[in-house]
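Listed below, chain by chain, are the residues.
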Amino acid sequence: MSFRDDAVPPLLDSGHLALSDGASLYWETSGRADGVPVLWLHGGPGSGLRGERYRRKFDADRNLIIGVDQRGCGRSVPLVTDELSSLAGNTTERLIADLEELRAFLGLERWIITGGSWGSTLALAYAAEHPERVIGVVVGAVTTTSRDEVDWITEGVGRIFPEAWASFEAASGRREGERVVEAYARRLADPADAADRGRAAADWDAWESTHVSLDPAWTPGPMHHDPVERAVFSTLVTHYWANDGFLPGNRAILARTDRLAHVPVVLIHGRRDVSGPAVTPWRLHQRLPRSELHVVENEGHGGPGQTELIREAVARLTATAGT
(Lines give C-alpha, C1' and ligand atoms only; values in the text may rest on other atoms or scores of the structure.)
Protein backbone atom coordinates (compact mmCIF):
# COMPACT_ATOMS: atom_id res chain seq x y z
CA MET A 1 0.00 0.00 0.00
CA SER A 2 1.46 3.35 -1.03
CA PHE A 3 1.09 6.54 0.95
CA ARG A 4 -0.34 8.11 -2.21
CA ASP A 5 -3.27 5.68 -2.33
CA ASP A 6 -6.69 6.83 -1.20
CA ALA A 7 -7.15 3.73 0.96
CA VAL A 8 -6.66 4.21 4.68
CA PRO A 9 -4.08 1.83 6.19
CA PRO A 10 -5.83 -0.68 8.47
CA LEU A 11 -5.04 -0.81 12.15
CA LEU A 12 -2.25 -3.02 13.34
CA ASP A 13 -3.03 -2.64 17.01
CA SER A 14 -4.78 -0.34 19.46
CA GLY A 15 -5.47 -0.08 23.14
CA HIS A 16 -5.53 2.00 26.29
CA LEU A 17 -2.30 2.70 28.13
CA ALA A 18 -2.68 3.08 31.91
CA LEU A 19 -0.65 6.18 32.73
CA SER A 20 1.36 6.77 35.88
CA ASP A 21 -1.26 9.15 37.33
CA GLY A 22 -4.21 6.81 36.76
CA ALA A 23 -5.57 8.26 33.50
CA SER A 24 -5.87 6.05 30.42
CA LEU A 25 -4.53 7.04 26.99
CA TYR A 26 -6.02 5.67 23.78
CA TRP A 27 -3.42 4.79 21.13
CA GLU A 28 -3.40 3.00 17.79
CA THR A 29 -0.86 1.87 15.21
CA SER A 30 -1.05 1.15 11.50
CA GLY A 31 1.31 0.74 8.56
CA ARG A 32 4.47 -1.35 8.85
CA ALA A 33 5.19 -2.90 12.22
CA ASP A 34 8.97 -2.54 11.84
CA GLY A 35 8.83 0.74 9.92
CA VAL A 36 10.21 4.12 10.92
CA PRO A 37 7.87 5.36 13.66
CA VAL A 38 5.89 8.53 12.97
CA LEU A 39 3.57 10.03 15.58
CA TRP A 40 0.62 12.24 14.61
CA LEU A 41 -0.56 14.80 17.19
CA HIS A 42 -4.08 16.12 16.66
CA GLY A 43 -5.26 19.68 17.09
CA GLY A 44 -7.46 21.40 19.58
CA PRO A 45 -6.47 20.90 22.31
CA GLY A 46 -9.32 18.44 22.66
CA SER A 47 -10.18 17.51 19.07
CA GLY A 48 -9.09 13.89 19.33
CA LEU A 49 -8.05 11.86 16.31
CA ARG A 50 -11.59 12.11 14.89
CA GLY A 51 -11.33 9.07 12.66
CA GLU A 52 -8.69 7.51 10.49
CA ARG A 53 -7.95 10.07 7.77
CA TYR A 54 -4.71 11.17 9.45
CA ARG A 55 -3.18 7.82 8.48
CA ARG A 56 -3.25 8.85 4.80
CA LYS A 57 -0.53 11.41 5.50
CA PHE A 58 2.11 8.69 5.80
CA ASP A 59 3.63 5.81 3.85
CA ALA A 60 2.13 2.60 5.20
CA ASP A 61 4.86 0.59 3.44
CA ARG A 62 7.68 2.35 5.30
CA ASN A 63 6.23 3.88 8.47
CA LEU A 64 4.82 2.61 11.72
CA ILE A 65 2.00 5.16 12.02
CA ILE A 66 1.01 6.08 15.57
CA GLY A 67 -2.08 8.02 16.60
CA VAL A 68 -3.15 9.02 20.08
CA ASP A 69 -6.12 10.77 21.65
CA GLN A 70 -4.51 13.26 24.02
CA ARG A 71 -5.61 13.01 27.64
CA GLY A 72 -9.14 14.11 28.42
CA CYS A 73 -10.54 13.75 24.90
CA GLY A 74 -11.48 11.28 22.19
CA ARG A 75 -11.30 7.71 23.47
CA SER A 76 -8.91 8.51 26.30
CA VAL A 77 -10.46 8.42 29.75
CA PRO A 78 -11.67 10.12 31.74
CA LEU A 79 -13.11 12.71 29.40
CA VAL A 80 -12.40 16.12 30.83
CA THR A 81 -16.13 16.87 30.92
CA ASP A 82 -16.80 13.74 32.96
CA GLU A 83 -14.21 14.73 35.55
CA LEU A 84 -13.69 18.48 35.54
CA SER A 85 -11.35 18.16 38.52
CA SER A 86 -8.86 16.50 36.13
CA LEU A 87 -8.32 19.86 34.40
CA ALA A 88 -5.73 20.88 36.98
CA GLY A 89 -3.46 18.04 35.88
CA ASN A 90 -4.03 18.54 32.16
CA THR A 91 -1.00 20.60 31.11
CA THR A 92 1.52 20.57 28.28
CA GLU A 93 4.14 19.17 30.66
CA ARG A 94 1.78 16.29 31.47
CA LEU A 95 0.98 15.66 27.79
CA ILE A 96 4.71 15.43 27.05
CA ALA A 97 5.08 12.94 29.91
CA ASP A 98 2.17 10.94 28.46
CA LEU A 99 3.95 10.73 25.11
CA GLU A 100 7.12 9.55 26.79
CA GLU A 101 5.16 6.83 28.58
CA LEU A 102 3.64 5.81 25.25
CA ARG A 103 7.02 5.77 23.49
CA ALA A 104 8.48 3.52 26.20
CA PHE A 105 5.40 1.27 26.11
CA LEU A 106 5.75 0.81 22.35
CA GLY A 107 9.46 0.08 22.73
CA LEU A 108 10.64 2.91 20.47
CA GLU A 109 13.98 4.69 20.74
CA ARG A 110 13.20 7.60 18.43
CA TRP A 111 10.33 8.74 16.25
CA ILE A 112 9.30 11.38 13.76
CA ILE A 113 6.92 13.84 15.43
CA THR A 114 4.16 15.42 13.36
CA GLY A 115 1.07 17.45 14.12
CA GLY A 116 -1.28 20.19 13.03
CA SER A 117 -2.53 23.36 14.71
CA TRP A 118 -2.33 22.74 18.49
CA GLY A 119 -0.61 19.48 17.55
CA SER A 120 2.25 21.54 16.13
CA THR A 121 2.68 23.30 19.47
CA LEU A 122 2.77 19.98 21.31
CA ALA A 123 5.16 18.47 18.74
CA LEU A 124 7.61 21.35 19.07
CA ALA A 125 7.31 21.39 22.88
CA TYR A 126 7.97 17.64 23.04
CA ALA A 127 10.98 17.95 20.73
CA ALA A 128 12.41 20.79 22.81
CA GLU A 129 12.07 18.66 25.93
CA HIS A 130 13.36 15.41 24.40
CA PRO A 131 15.45 16.26 21.31
CA GLU A 132 17.37 13.00 21.67
CA ARG A 133 14.14 11.07 21.00
CA VAL A 134 13.28 12.91 17.79
CA ILE A 135 14.30 11.96 14.23
CA GLY A 136 12.66 15.12 12.95
CA VAL A 137 9.59 17.33 13.30
CA VAL A 138 7.01 18.02 10.57
CA VAL A 139 4.19 20.37 11.48
CA GLY A 140 1.37 22.15 9.66
CA ALA A 141 -0.91 25.09 10.51
CA VAL A 142 1.91 26.07 12.84
CA THR A 143 1.24 27.54 16.28
CA THR A 144 3.22 28.00 19.48
CA THR A 145 0.18 28.98 21.60
CA SER A 146 1.86 32.14 22.87
CA ARG A 147 -0.11 34.93 24.61
CA ASP A 148 0.21 36.99 21.45
CA GLU A 149 -1.29 34.22 19.29
CA VAL A 150 -4.12 33.53 21.74
CA ASP A 151 -4.99 37.22 22.03
CA TRP A 152 -5.07 37.46 18.25
CA ILE A 153 -7.38 34.48 17.71
CA THR A 154 -9.75 35.44 20.55
CA GLU A 155 -9.73 39.24 20.28
CA GLY A 156 -7.56 40.75 17.53
CA VAL A 157 -9.14 38.82 14.68
CA GLY A 158 -12.42 40.40 15.73
CA ARG A 159 -11.33 43.36 13.60
CA ILE A 160 -12.07 41.17 10.59
CA PHE A 161 -15.33 39.78 12.01
CA PRO A 162 -16.62 42.63 14.18
CA GLU A 163 -20.27 41.53 14.22
CA ALA A 164 -19.48 37.96 15.28
CA TRP A 165 -16.86 39.08 17.79
CA ALA A 166 -19.28 41.51 19.43
CA SER A 167 -21.70 38.63 20.01
CA PHE A 168 -18.88 36.35 21.17
CA GLU A 169 -17.61 38.95 23.65
CA ALA A 170 -21.09 39.87 24.92
CA ALA A 171 -21.89 36.19 25.53
CA SER A 172 -18.61 35.59 27.40
CA GLY A 173 -19.86 37.04 30.70
CA ARG A 174 -16.39 38.36 31.37
CA ARG A 175 -15.70 40.21 34.57
CA GLU A 176 -13.75 43.42 34.98
CA GLY A 177 -10.12 42.87 33.96
CA GLU A 178 -10.84 39.39 32.57
CA ARG A 179 -9.84 38.40 29.04
CA VAL A 180 -12.54 36.85 26.87
CA VAL A 181 -10.73 33.49 26.83
CA GLU A 182 -10.42 33.55 30.61
CA ALA A 183 -14.15 34.11 30.99
CA TYR A 184 -15.01 31.15 28.82
CA ALA A 185 -12.41 28.98 30.55
CA ARG A 186 -13.86 29.88 33.96
CA ARG A 187 -17.42 29.04 32.96
CA LEU A 188 -16.53 25.81 31.15
CA ALA A 189 -14.59 24.56 34.18
CA ASP A 190 -17.43 25.30 36.64
CA PRO A 191 -19.05 22.02 37.73
CA ALA A 192 -21.98 23.81 39.36
CA ASP A 193 -23.92 24.86 36.25
CA ALA A 194 -24.18 22.34 33.40
CA ALA A 195 -26.62 24.52 31.46
CA ASP A 196 -24.22 27.45 31.49
CA ARG A 197 -21.37 25.19 30.38
CA GLY A 198 -23.52 24.13 27.44
CA ARG A 199 -24.21 27.74 26.45
CA ALA A 200 -20.55 28.66 26.75
CA ALA A 201 -19.51 25.69 24.63
CA ALA A 202 -22.01 26.61 21.90
CA ASP A 203 -20.92 30.26 21.85
CA TRP A 204 -17.25 29.26 21.75
CA ASP A 205 -17.96 26.81 18.92
CA ALA A 206 -19.70 29.53 16.92
CA TRP A 207 -16.63 31.76 17.21
CA GLU A 208 -14.32 28.92 16.17
CA SER A 209 -16.42 28.42 13.05
CA THR A 210 -16.30 32.15 12.31
CA HIS A 211 -12.58 32.82 12.45
CA VAL A 212 -11.84 29.97 10.02
CA SER A 213 -14.58 31.06 7.61
CA LEU A 214 -12.18 32.70 5.14
CA ASP A 215 -10.41 29.37 4.65
CA PRO A 216 -11.06 28.14 1.08
CA ALA A 217 -12.13 24.75 2.49
CA TRP A 218 -14.61 26.19 5.02
CA THR A 219 -18.22 25.01 5.06
CA PRO A 220 -20.95 26.84 7.02
CA GLY A 221 -22.20 25.40 10.27
CA PRO A 222 -20.91 24.49 13.71
CA MET A 223 -17.43 23.09 14.18
CA HIS A 224 -18.79 20.28 16.35
CA HIS A 225 -22.28 18.86 15.90
CA ASP A 226 -21.99 16.40 18.78
CA PRO A 227 -22.59 18.20 22.10
CA VAL A 228 -20.11 16.02 24.00
CA GLU A 229 -17.32 16.66 21.48
CA ARG A 230 -18.20 20.36 21.52
CA ALA A 231 -17.98 20.52 25.30
CA VAL A 232 -14.71 18.56 25.48
CA PHE A 233 -13.12 20.69 22.78
CA SER A 234 -14.17 24.06 24.19
CA THR A 235 -13.24 23.10 27.76
CA LEU A 236 -9.73 22.01 26.82
CA VAL A 237 -9.07 24.78 24.30
CA THR A 238 -10.01 27.53 26.73
CA HIS A 239 -8.10 25.82 29.55
CA TYR A 240 -4.89 25.77 27.51
CA TRP A 241 -5.33 29.13 25.82
CA ALA A 242 -6.13 30.94 29.06
CA ASN A 243 -2.83 29.59 30.40
CA ASP A 244 -0.65 30.44 27.37
CA GLY A 245 -0.43 26.77 26.47
CA PHE A 246 1.28 26.14 29.82
CA LEU A 247 4.46 27.33 28.10
CA PRO A 248 5.27 30.56 29.94
CA GLY A 249 8.45 32.62 29.94
CA ASN A 250 11.55 30.53 29.36
CA ARG A 251 9.36 27.49 28.65
CA ALA A 252 7.91 29.15 25.55
CA ILE A 253 8.82 27.44 22.28
CA LEU A 254 10.46 30.53 20.82
CA ALA A 255 12.59 30.77 23.98
CA ARG A 256 13.80 27.16 23.59
CA THR A 257 14.73 27.00 19.94
CA ASP A 258 18.35 26.35 20.95
CA ARG A 259 17.13 22.91 22.07
CA LEU A 260 16.08 22.24 18.47
CA ALA A 261 19.24 23.51 16.78
CA HIS A 262 20.25 20.04 15.56
CA VAL A 263 16.73 18.71 14.85
CA PRO A 264 15.37 18.76 11.27
CA VAL A 265 12.14 20.79 11.45
CA VAL A 266 9.70 21.32 8.56
CA LEU A 267 7.15 24.12 9.00
CA ILE A 268 4.12 24.11 6.67
CA HIS A 269 1.50 26.85 6.69
CA GLY A 270 -1.30 28.38 4.65
CA ARG A 271 -0.96 32.01 3.60
CA ARG A 272 -4.72 32.47 4.10
CA ASP A 273 -4.67 31.17 7.67
CA VAL A 274 -6.38 34.14 9.30
CA SER A 275 -6.68 32.32 12.64
CA GLY A 276 -2.90 31.89 12.87
CA PRO A 277 -0.96 34.23 10.59
CA ALA A 278 2.21 33.00 8.89
CA VAL A 279 4.39 35.21 11.08
CA THR A 280 4.54 32.40 13.67
CA PRO A 281 6.26 29.78 11.46
CA TRP A 282 8.37 32.55 9.92
CA ARG A 283 9.71 33.55 13.36
CA LEU A 284 10.46 29.92 14.16
CA HIS A 285 12.23 29.46 10.83
CA GLN A 286 14.50 32.42 11.58
CA ARG A 287 15.65 30.74 14.80
CA LEU A 288 15.93 27.12 13.66
CA PRO A 289 19.05 26.51 11.57
CA ARG A 290 17.88 23.12 10.27
CA SER A 291 14.34 24.20 9.44
CA GLU A 292 12.42 24.48 6.19
CA LEU A 293 9.45 26.84 5.77
CA HIS A 294 6.76 26.14 3.18
CA VAL A 295 3.91 28.62 2.80
CA VAL A 296 1.03 27.42 0.62
CA GLU A 297 -0.37 30.54 -0.99
CA ASN A 298 -3.96 29.44 -1.67
CA GLU A 299 -4.74 27.57 1.57
CA GLY A 300 -5.77 28.44 5.10
CA HIS A 301 -5.72 26.39 8.31
CA GLY A 302 -4.80 23.14 6.57
CA GLY A 303 -5.57 21.82 3.10
CA PRO A 304 -4.50 19.23 0.52
CA GLY A 305 -1.36 21.11 -0.48
CA GLN A 306 -0.18 21.19 3.12
CA THR A 307 -1.03 17.51 3.53
CA GLU A 308 1.07 16.65 0.49
CA LEU A 309 4.01 18.64 1.86
CA ILE A 310 3.71 16.78 5.18
CA ARG A 311 3.79 13.48 3.29
CA GLU A 312 6.87 14.49 1.32
CA ALA A 313 8.74 15.79 4.36
CA VAL A 314 8.02 12.65 6.40
CA ALA A 315 9.10 10.51 3.44
CA ARG A 316 12.45 12.35 3.30
CA LEU A 317 13.02 11.91 7.04
CA THR A 318 12.04 8.25 6.76
CA ALA A 319 14.55 7.70 3.97
CA THR A 320 17.36 9.20 6.02
CA ALA A 321 16.39 7.21 9.12
CA GLY A 322 16.30 3.86 7.32
CA THR A 323 13.81 1.07 7.90
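These figures come from a predicted structure and were not determined experimentally.

Thresholds applied
Residues numbered from 1 in each chain as written. Predicted model: local features only at pLDDT ≥ 70, side-chain atom pairs only at ≥ 80, totals over all residues. Heavy atoms only, no water. Helix = DSSP H or I, 4+ residues; strand = E, 2+ residues; numbered from the N terminus. Buried < 20%, exposed > 50% of the residue type's maximum accessible area, 1.4 Å probe, protein only. Contact = heavy atoms within 4.5 Å. Expected span 1.5 Å × (residues − 1). Phe/Tyr/Trp six-rings, centres within 6.5 Å; stacked < 30°, edge-to-face > 60°. Salt bridge = Lys/Arg side-chain N within 4 Å of Asp/Glu carboxyl O. Core = buried A, V, L, I, M, F, W, Y, C linked by side-chain atoms within 4.5 Å. Axes fitted to C-alpha atoms, helices over the stretch in contact; angles between N-to-C directions. Parallel < 35°, antiparallel > 145°, perpendicular 65-115°, else oblique. Left-handed = near helix turned anticlockwise from the far one by under 90°. Nonpolar A, V, L, I, M, F, W, Y, C, P; charged D, E, K, R; others polar. Pairing = 2+ DSSP bridges.

Chemist: How do you make sense of the side chain of E178 when you look at a structure like this?
Modeler: For E178, the position within the fold is in the loop between α4 (162-172) and α5 (180-188). The class for E178 is buried, based on a relative accessible area of 15%. Ignoring anything within four residues of it in the chain, the contact list for E178 reads G173, A183 and R186.

Chemist: I'm lost on helix α9 (residues 304-321) in this one. Help?
Modeler: Compared with the 26 Å implied by 1.5 Å per residue over 18 residues, the 26 Å span of α9 between its first and last C-alpha is a close match. Within the span of α9, buried status applies to Q306, T307, I310, R311, A313, V314, L317 and T318. Where α9 is buried, its residues contact β3 (36-41), β4 (63-69), β5 (111-116), β6 (134-140), β7 (265-270) and β8 (291-296).

Chemist: What should I look at first to understand the packing of aromatic side chains in this one?
Modeler: Any pair of aromatic rings gets described here by the distance separating the centres and the angle formed by the planes. Within the structure shown, the criterion is met by 10 aromatic pairs. Aromatic side chains F161 and W207 sit 6.5 Å apart centroid to centroid with 90° between the ring planes, which places their arrangement in the edge-to-face category. Placement of the pair is F161 in the loop between α3 (147-154) and α4 and W207 in helix α6 (residues 194-211), with a sequence separation of 46 residues. You can call F161 buried: its relative accessible area is 10%. Among the aromatic side chains, those forming a connected cluster through ring pairs are F161, F168, Y184, W204, W207 and W241.

Chemist: Looking at this model, I keep getting lost on the pattern of salt bridges. Mind explaining?
Modeler: Tallied over the entire structure, the rule returns 25 salt bridges. In this structure, R55 engages E28 in a salt bridge whose closest nitrogen and oxygen atoms are separated by 3.3 Å. One end of the pair, R55, is in the loop between β3 and β4; the other, E28, is in strand β2 (residues 24-31), and 27 residues separate them in sequence. Note on accessibility: R55 and E28 belong to one class, buried. Each of D21, R71, R94, D98 and E101 takes part in one network of salt bridges that share partners.

Chemist: Just checking my understanding: could you explain the nonpolar core for this structure?
Modeler: Of all hydrophobic cores here, the largest spans 65 residues; its most connected members are L39, L41, I113, V137, W204 and W241. The element contributing the most residues to this core is helix α2 (residues 118-129), with 8 residues. If we ignore the near neighbours within four places in the chain, the residues touching L41 are V68, Q70, L99, I113, T114, G115, G116, G119, L122 and A123. W40, Y54, F58 and I112 belong to the second-largest nonpolar core, a separate cluster that totals 17 residues.

Chemist: It is not clear to me how the packing of α4 against α5 should be interpreted in this structure. Could you clarify?
Modeler: Axes are the key here: two packed helices are described by the angle between their axes and the distance separating the axes. Taken N-terminus to C-terminus, the directions of α4 and α5 make an angle of 50°; their axes are 9 Å apart at the nearest point. For the element pair α4 / α5, the angle class is oblique. The chirality of how α4 crosses α5 is left-handed. Note on element contacts: α5 touches α4 through V180, A183, Y184 and R187, opposite W165, F168, E169, A171 and S172. Residue classes in the contact of α4 with α5 are distributed as 6 nonpolar, 1 polar and 2 charged.

Chemist: Would you mind showing me how to read the environment of G198 here?
Modeler: Among the structural elements, G198 can be located in helix α6. Residues G198 and K57, 141 residues apart in the sequence, show an inter-C-alpha distance of 34 Å.

Chemist: How should I be thinking about the sheet that holds β3 in this particular structure?
Modeler: The pairing of strands in a sheet comes from backbone hydrogen bonds and takes either a parallel or an antiparallel form. In spatial order, the strands read β1-β2-β4-β3-β5-β6-β7-β8; together these 8 strands make up an open sheet with mixed pairing. What marks the edges here is a single partner per strand, and that holds for β1 (11-18) and β8. With strand direction ignored, the average angle separating the axes of adjacent strands in the sheet is 20°. Here β7 runs beside β8; their pairing, made up of 6 bridges, is parallel. Across the sheet, V266 pairs through a bridge with E292, a residue of β8. Packed on one face of the sheet, helix α1 (residues 92-106) meets β1, β2, β3, β4 and β5 and runs near 50° to β2. Running at roughly 175° to β6, α9 makes contact with β3, β4, β5, β6, β7 and β8 of the sheet.

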